[in-house]
Amino acid sequence: MPLTGNLLIGQRPVTGSRDAIRAIDPTTGQTLEPAYLGGTGEHVAQACALAWAAFDAYRETSLEQRAEFLEAIATQIEALGDALIDRAVIETGLPKARIQGERGRTCTQLRTFARTVRAGEWLDVRIDSALPERQPLPRADLRQRQVALGPVAVFGASNFPLAFSVAGGDTASALAAGCPVVVKAHSAHPGTSELVGQAVAQAVKQCGLPEGVFSLLYGSGREVGIALVSDPRIKAVGFTGSRSGGMALCQAAQARPEPIPVYAEMSSINPVFLFDAALQARAEALAQGFVASLTQGAGQFCTNPGLVIARQGPALQRFITAAAGYVQQGAAQTMLTPGIFSAYQAGIAALADNPHAQAITSGQAGQGPNQCQAQLFVTQAEAFLADPALQAEVFGAASLVVACTDDEQVRQVAEHLEGQLTATLQLDEADIDSARALLPTLERKAGRILVNGWPTGVEVCDAMVHGGPFPATSDARTTSVGTAAILRFLRPVCYQDVPDALLPQALKHGNPLQLRRLLDGKRED
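Predicted model, so just to flag it, every value in this text is computed and none were measured. (Residues numbered from 1 in each chain as written. Predicted model: local features only at pLDDT ≥ 70, side-chain atom pairs only at ≥ 80, totals over all residues. Heavy atoms only, no water.)

## As for the domain arrangement of the protein
You'll often see interface size given as the accessible area lost when the parts meet. According to the domain assignment, the protein contains domain 1 (7-131 + 139-266 + 476-489) and domain 2 (271-451). Between domain 1 and domain 2, the contact holds 17 residues from the first and 15 residues from the second. Taking both partners together, domain 1 and domain 2 bury about 1,200 Å²; carbon and sulfur atoms supply 60% of that area. Inspection of the domain 1/domain 2 interface yields one salt bridge. Across the pair E418 and R243 runs a salt bridge, and its minimum N-O distance is 2.9 Å. The tally of links from domain 1 across to domain 2 stands at three residue pairs in polar contact (both at pLDDT 80 or more). When grouped by side-chain class, the residues that make up the side of domain 1 that touches domain 2 number six nonpolar, seven polar and four charged. (Domains from an automatic or database assignment. Contact = heavy atoms within 4.5 Å. Buried area = accessible area lost by both parts, 1.4 Å probe. Salt bridge = Lys/Arg side-chain N within 4 Å of Asp/Glu carboxyl O. Polar contact = N/O pair within 3.5 Å; in protein donor to acceptor, adjacent residues only side chain to side chain. Nonpolar A, V, L, I, M, F, W, Y, C, P; charged D, E, K, R; others polar.)

Structural data, given as structure tokens:
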């Protein structure tokens, strides 16, 4: 598919009229063609009108039809072949193998949600049969199912041009729930976004769905994004990005006459706790695993281990010395955009200038533009507890080691943390009691707790939680990865004494969809 530089409003390519967005090859600093003229408030209104017109028909598509649509999107993305991979590589500076893997993850997400849709358990059907003879009052026939919220606005992420972007997890879960989607593409990879957007639009056409099920918009600045969140036909928002960007969308959503939920994944430093026995037994091995996780993808992962917490002593010093050696050996890596690189440099400078943070070492210097050198810092627990700046996220391959005097200070540091996507425990058998004492705190602080692993790498599956208390996300009750992500875009409706002829398929007396329903308090086989 050729790149056009156009918006995609339903099935119609449209040329924007605002300032042009041009992708930049971060390895060279050169701008790429074509230019993508930004959309206007009118373009937003057109896309939202189409989405609203499509909503009632799309949300009542059969489970099989919707599942086939999700599978068709995956097939269309795969059919793009090397054109998609090559464009994503040049727009992001990420290695080809990484982009190929991310394409696989994107298509796996879509097919996983297709499986979820077919199973129908997300409908959460609950039936309480009528009890006309009950005294002192009879009970009506009551039937409940989940229905789609309405059109959803999705904002593409910078660090995952496929898996968290145009056809990423937010889009896949919203479409699975029965919600049309209007995507605002990320300005860092507009060509990649257009190719995927064309694939989604082709799947819409192939499956005979209303054209408003999907639209793709571009826009620099705030105009398109705020107009999209403010449009009364949009009923929820999915966002992955900075805390400032997420909070701006939350404020716009709450300022509407009808406030709507914003599911924003924003900021996390993903603490790693090194317990004593594990540190004594394998400090050097832990250092190697830690640095590998820290520097993967230039540290541009939302689950990057930006904080290490342990009791001070010889074993921790062995860990720091070994980690410093691995950091020093690490080659510089290209960051996604000049803006991300500039923000990383500013974050590193702030730590370097902080009198409470000691710079331990840095990675090898790069030869080209936008090259990330890994950085390692150390501070004392007293300073960390006293200085909020030490808890600020630095998006990239930088981490801070917090040295504690005893287990109580470790607990204090854990209590002091903001909400996180992950918390990692490195422990041996002798550390179980210490870990057990810390676990209640971490359950309050994080959405995913790992033992003897590293937080980078988020599995697409039923049990995964990629969320957490604020500021990791704007709604700690949800996840943006895994099949439970569909629940963000649903709401319950109860049907009382509705004739069988009017009931939706999921609630009919004969159970034509063969769903496992909760009938009079018991789960049907």
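More follows now that the structure is in view.
## With respect to the sheet that holds strand β25 (residues 522-523)
Taken in spatial order, the five strands make up an open sheet running β23-β8-β7-β24-β25, and their pairing is mixed. A single partner strand is all that each edge strand has here, and the edge strands are β23 (490-496) and β25. Sheet topology note: the strand β7 (residues 126-128)/strand β8 (residues 142-148) ladder contains three bridges and is antiparallel. Paired with R126 across the strands is Q144, a residue of β8. (Pairing = 2+ DSSP bridges. Helix = DSSP H or I, 4+ residues; strand = E, 2+ residues; numbered from the N terminus.)

## So, helix α6 (residues 190-206)
Over its 17 residues, α6 runs 24 Å from end to end, which matches the ideal 24 Å to within 8%, given 1.5 Å per residue. For α6, the buried fraction is high: 14 of the 17 residues fall into the buried class. One or two positions beyond α6, positive phi appears at G208, with a value near 70°. (Expected span 1.5 Å × (residues − 1). Buried < 20%, exposed > 50% of the residue type's maximum accessible area, 1.4 Å probe, protein only.)

## What to know about the pairing of strand β14 (residues 271-274)
The alternating pattern of β14 places P271 and F273 and V272 and L274 on opposite faces, both of which are buried. A crossover connection joins β14 to the parallel strand β15 (residues 307-311) through helix α9 (residues 276-295); in handedness this β-α-β unit is right-handed. Direction of pairing for β14 relative to strand β21 (residues 420-426): parallel, over a ladder of three bridges. Looking at the pairing, L274 lines up with Q426 of β21. (Right-handed = clockwise from strand over helix to strand, strands pointing away.)

## Observations concerning the packing of helix α7 (residues 223-230) against helix α8 (residues 243-255)
Between α7 and α8, whose axes approach to 8 Å, the crossing angle comes to 40°. By the angle between their axes, α7 is oblique relative to α8. As for how α7 packs across α8, the hand of that crossing is right-handed. Judged by residue contacts, G225, I226 and V229 of α7 engage A248, L249, A252 and A253 from α8. (Axes fitted to C-alpha atoms, helices over the stretch in contact; angles between N-to-C directions. Parallel < 35°, antiparallel > 145°, perpendicular 65-115°, else oblique. Left-handed = near helix turned anticlockwise from the far one by under 90°.)

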